[in-house]
Amino acid sequence: MLIQIFAGIVIPEPLERKIMLDYPVAIKKSVGADLVNKNLRAHHPWICPWAIHVSLGLINVVGDLLAEIEDVMITKRPGLAFFRITEELDDDLDGSYHRKLHVFLEARQRIEARDKALLTAAQRAVGRSLMICHACGNLLERKNLNDEDERELFPFLPVPEVKRKAFSSNSFFMHVCMACALNDWEEKESTNITETTLAFKAQVDPFDNLEAWEDSHDEVMDEFDVAKPQTGDEDLVADEELSVVEDEEKVADGDTYITMYDIEVVNKLEERSKDMSKDNAYRIKGVVKRIRETSPDKRLVTIPDTWRDYCDDLAQKFPNFAEVVDFIRSQLALSAMSDGVLRLPGLLLVGNPGTGKTEFMLTLANDLKTKLEIIDISAAQTGIALTGSETYWSNTRTGVLFDTLVFGEIANPIIMLDEVDKARSDDAHKPLAALHQLLEPRQAKIFKDLSLTELVLDASHVMWMATANTLDTLEKPILDRFTVFNISDPSSEQMRVITATQYQRFIDNHPSGHVFEETMRSEVIDELCKYHPRKVRKMLEQSFGLAAYDGRNYIAVEDIRVSDTDSKKDRNLGIGFLSSVD
């Protein structure tokens with residue numbers, strides 16, 4: 001399928017190719033196209049045979065698109081039958097600042113889902129191109145060129161040609177690149193620079209030729225005796241004073257805290273961003289800003305005072321997890337003898353689908369009042385989701401572990417790796433590779449996210465838990481770092497406890513729970529015991545709805561049978577969109 005995108009409009013393959021030829025495109029040379037191609041080809045060599053004619057301001061948009069194509073195609077050398085990116089000069093006033101991307105893309109082999117993903121990526125790139133200046137990459141701002149207050153504040157706003165009669169009306173809006181408008185205006189009015197203009201210039205385009213711009217800016221500020229902006233030291237002092245107050249509050253609370261990272265490294269990172277490329281500097285400043293909104297001191301969750309009773313209750317709710325609960329009980333006992341901090345070594349629960357492994361993990365995290373993050377390893381192609389992506393990618397980002405520890409408040413969250421047995425294990429894609437370090441406390445204490453390697457995090461308190469259906473596909477070094485428990489299918493007697501627990505959870509948590517009977521009827525339990533725990537939860541949820549529809553405050557056996565959508569599917573009696581997936 002040839003994906004053709006014109007100004008955000010998708011034209012699928014069945015239309016005549018002459019559309020491509022007849023479509024009106026204003027021809028104007030791209031700004032810095034050679035530099036764009038040189039930089040993009042350095043990071044994406046596979047584009048060398050293809051034509052990319054875009055201006056310098058769109059380099060990040062195109063770079064992100066190329067990276068997304070590689071991600072969708074699952075290779076650094078996508079097999080494309082045709083690929084071309086051009087830009088169109090818009091046939092209106094806004095065209096002075098933005099140009100719409102044209103993306104032509106066809107894979108060698110047609111895969112419907114993949115083609116849809118490629119189409120979405122291309123549409124996103126086209127949409128982004130309409131929001132930024134094609135020359136410098138700054139975001140466009142919508143301005144009313146007939147607004148006298150706007151013109152007094154920003155005298156460099158462009159004046160459209162008289163040929164546009166609409167300009168004589170009360171309002172004439174246009175998307176303007178303030179940086180380029182200022183530069184154009186200065187060339188014409190170099191001797192008439194106002195203080196407002198100088199103040200605005202301090203805000204626009206802060207990354208291009210930063211040192212040279214700062215030197216010339218200081219000279220101009222001195223010449224016109226304009227007050228220089230604050231350096232930000234006052235804010236840092238205020239932050240330090242606030243931090244002292246927060247530390248006092250933490251001591252008063254009696255909670256245990258650790259320092260997750262060195263704040264001085266964050267300060268230096270922001271300073272070094274001035275020497276980086278515009279894209280990297282913008283990314284670093286954004287991350288630093290978010291980091292400063294939190295504290296480097298993170299709380300360690302402690303065990304409940306009633307941990308013995310809790311373990312007994314947990315064993316009753318999950319009778320087929322008795323060995324796991326016994327292990328957890330012993331670990332909580334160790335914590336109780338020391339500082340009371342919640343600590344659990346890596347756990348790997350292995351068993352058939354539907355035995356309640358994920359439900360057990362969710363219950364544990366909720367009951368122990370700690371943060372839980374779930375990573376579906378079966379859907380992960382690399383370790384990016386866990387430990388971030390390398391900085392050479394234009395769309396590099398931090399991983400789940402970094403985000404949880406830095407932007408969260410807890411130092412000992414639970415990171416759950418679901419279906420680790422389905423992880424890819426080829427040389428190019430190893431989602432579990434980072435676990436070699438992270439499951440070793442001494443190494444985890446110096447964890448670095450691949451997207452921000454300058455900042456060292458203490459990830460030694462993280463509790464790792466994983467689920468799998470089999471151990472056959474897992475590497476031995478990974479297995480050796482987990483405490484492995486085999487979870488058997490629950491017996492008939494255990495299923496009675498599990499179904500009663502699922503019923504009680506609905507009664508306790510759902511707003512309508514108080515309407516229904518406090519306990520489930522015996523014949524209903526007998527019917528539910530025929531199914532796996534995972535399916536029991538889904539069937540109960542639907543059965544409660546069926547009972548409510550009939551105006552009953554109890555669940556009947558017939559409700560359970562009706563909610564068994566799988567058996568109905570076998571008889572071609574499916575209920576619309578409802579289906580059960582085990």
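As the structure is a computational prediction, the values presented were derived from the model and not from experiment.

(A) Inspection of the overall build of the protein chain at higher detail. Helices and strands together make up the secondary structure of the protein chain, namely 24 helices and 14 strands. Expressed as a percentage of its 582 residues, the buried residues of the protein chain come to 44%. Taking as baseline every contact in the protein chain between residues at least 6 positions apart, the subset at least 24 positions apart corresponds to 70%. Surface accessibility of the protein chain: about 31,000 Å² in total, with carbon and sulfur atoms responsible for 51%.

(B) Representation of the environment of Leu182. Relative to the elements of secondary structure, Leu182 occurs in helix α6 (residues 178-188). Judged by its relative accessible area of 1%, Leu182 falls in the buried class. Residues Leu182 and Leu157 lie 25 residues apart in sequence; the distance between their C-alpha atoms is 7.5 Å.

(C) How the structure looks around the nonpolar core. Counting 44 residues, the largest nonpolar core has Leu401 and Trp464 as its most contacted members. Of all the elements in the fold, those that place two or more residues in this core are α10 (263-272), α11 (278-292), β10 (347-351), α16 (400-407), β12 (414-418), α17 (435-438), β13 (463-468) and α19 (476-479). Here this core gets 5 residues from one element, more than from any other, and that element is α16. Apart from the residues within four sequence positions on either side, Trp464 is in contact with Pro345, Gly346, Leu347, Leu386, Leu401, Ile415, Leu417, Leu435, Leu438, Leu439 and Phe482.

(D) Focus on the packing of aromatic side chains. The tally for this structure, following the rule as stated, stands at 11 aromatic pairs. Each ring, one from Phe318 and one from Phe321, has its centre 5.8 Å from the other, and the planes form 85 degrees; the classification is edge-to-face. Judged by its relative accessible area of 7%, Phe318 is buried. Overall, Phe321 belongs to the buried group, its relative accessible area being 1%. When the ring of Phe321 is compared with that of Phe360, the centres are 4.6 Å apart and the planes differ by 5 degrees; the resulting orientation is stacked. With Phe321 in the loop between α12 (307-317) and α13 (322-337) and Phe360 in helix α14 (residues 357-367), this residue pair connects regions lying 39 residues apart in the sequence.

(E) Just the pairing of β12, in detail. Counting buried positions along β12 gives 5 out of 5 residues, so the element sits mostly inside the fold. Burial along β12 is two-sided: the face carrying Ile414, Met416 and Asp418 and the face carrying Ile415 and Leu417 are both buried. Where strand β11 (residues 372-376) lies against β12, 5 bridges are found, and the strand directions are parallel. Directly across from Leu372, in β12, lies its bridge partner Ile414.

(F) The sheet that holds strand β14 (residues 483-487), seen in detail. Overall, parallel pairing links the 5 strands, which are arranged β11-β12-β13-β10-β14 in an open sheet. Where the open sheet ends on each side, the last strands, each with one partner, are β11 and β14. The average undirected angle you get between the axes of adjacent strands in this sheet is 20 degrees. Where α16 meets the sheet, it contacts β11, β12 and β13, and its direction lies at approximately 170 degrees from that of β11.

(G) Here's a closer look at the confidence of the model for the protein chain. Across the protein chain, the average pLDDT comes to 76, with 74% of residues at 70 or higher. At the low end of the mean pLDDT range in the protein chain sits helix α1 (residues 18-22), at 31; at the high end sits α13, at 94. For residues 5-27, every residue scores under 50 in pLDDT, and the model assigns this stretch 42 contacts once sequence neighbours within four places are set aside.

(H) Highlighting α12. Inspection of α12 places Trp307, Tyr310, Cys311 and Leu314 among the buried residues, and these make up the whole buried set. Here the buried residues of α12 occupy an arc of 100 degrees about the axis, which is enough to place them on one side. In α12, those exposed residues whose orientation departs by more than 90 degrees from the buried face are Arg308, Asp309 and Gln316.

(I) Highlighting the side chain of Lys357. Looking at the secondary structure, you find Lys357 in helix α14. Asp418 provides the closest opposite charge to the buried, salt-bridge-free Lys357, at an N-O distance of 7.0 Å. There is a polar contact of 3.2 Å between the side chain of Lys357 and the backbone oxygen of Gly351. Side-chain polar atoms of Lys357 contact the backbone oxygen of Asn352, separated by 3.0 Å. Those residues in contact with Lys357, other than ones at most four positions away along the chain, are Phe321, Leu349, Val350, Gly351, Asn352, Thr467, Ala468, Asn469 and Ile487.

(J) Local environment of the packing of α10 against α11. Packing of α10 against α11 leaves a shortest axis separation of 9 Å and a crossing angle of 155 degrees. Of the possible angle classes, the one that applies to α10 and α11 is roughly antiparallel. Classified by chirality, the crossing of α11 by α10 is left-handed. Counting all contacts with α10, which are made through Val266, Asn267, Leu269 and Glu270, the residues of α11 involved are Ile284, Lys285, Val288, Ile291 and Arg292. Of the residues belonging to the contact of α10 with α11, the class tally is 5 nonpolar, 1 polar and 3 charged.

(K) A look at the pattern of salt bridges. Applying the stated rule across the entire model yields 24 salt bridges. The salt bridge involving Asp339 is made with Arg343; its shortest N-O contact spans 2.8 Å. Salt-bridge contacts for Arg552 lead to Asp550; the nearest nitrogen and oxygen are separated by 3.0 Å. A network of salt bridges, in which partner residues are shared, links Asp312, Asp326 and Arg329.

(L) Quick look at the environment of Ala33. Mapped onto the secondary structure, Ala33 falls in helix α2 (residues 33-43). Overall, the relative accessible area of 16% leaves Ala33 in the buried class. Taking the C-alpha atoms as reference, Ala33 lies 5.2 Å from Ser55; in sequence the two are 22 residues apart.

(M) Local environment of unusual backbone geometry. For Ile74, which is not a glycine, the phi torsion comes out positive at approximately 55 degrees. Locating Ile74 in the fold gives a position in the loop between α3 (59-73) and β4 (80-89). With a phi angle near 60 degrees, Glu419 is a residue other than glycine that sits in the positive phi range. Mapped onto the elements of the fold, Glu419 is located in the loop between β12 and α17.

(N) Fine view of the state of the cysteines. On inspection of all chains with the given rule, the structure shows 0 disulfides. Unpaired in terms of disulfides, Cys177 finds its nearest cysteine sulfur in Cys136, a separation of 3.4 Å. On the accessibility criterion, Cys177 (1% relative accessible area) is buried.

Conventions we followed
- Residues numbered from 1 in each chain as written.
- Predicted model: local features only at pLDDT ≥ 70, side-chain atom pairs only at ≥ 80, totals over all residues.
- Heavy atoms only, no water.
- Helix = DSSP H or I, 4+ residues; strand = E, 2+ residues; numbered from the N terminus.
- Buried < 20%, exposed > 50% of the residue type's maximum accessible area, 1.4 Å probe, protein only.
- Contact = heavy atoms within 4.5 Å.
- Areas by Shrake-Rupley, 256 points an atom, 1.4 Å probe, with all protein chains shown as cover.
- Core = buried A, V, L, I, M, F, W, Y, C linked by side-chain atoms within 4.5 Å.
- Phe/Tyr/Trp six-rings, centres within 6.5 Å; stacked < 30°, edge-to-face > 60°.
- Pairing = 2+ DSSP bridges.
- Axes fitted to C-alpha atoms, helices over the stretch in contact; angles between N-to-C directions.
- pLDDT = per-residue confidence, 0-100.
- Arc of directions from axis to C-beta.
- Lys, Arg positive; Asp, Glu negative; His and termini not counted.
- Salt bridge = Lys/Arg side-chain N within 4 Å of Asp/Glu carboxyl O.
- Polar contact = N/O pair within 3.5 Å; in protein donor to acceptor, adjacent residues only side chain to side chain.
- Parallel < 35°, antiparallel > 145°, perpendicular 65-115°, else oblique.
- Left-handed = near helix turned anticlockwise from the far one by under 90°.
- Nonpolar A, V, L, I, M, F, W, Y, C, P; charged D, E, K, R; others polar.
- Disulfide = S-S within 2.5 Å.

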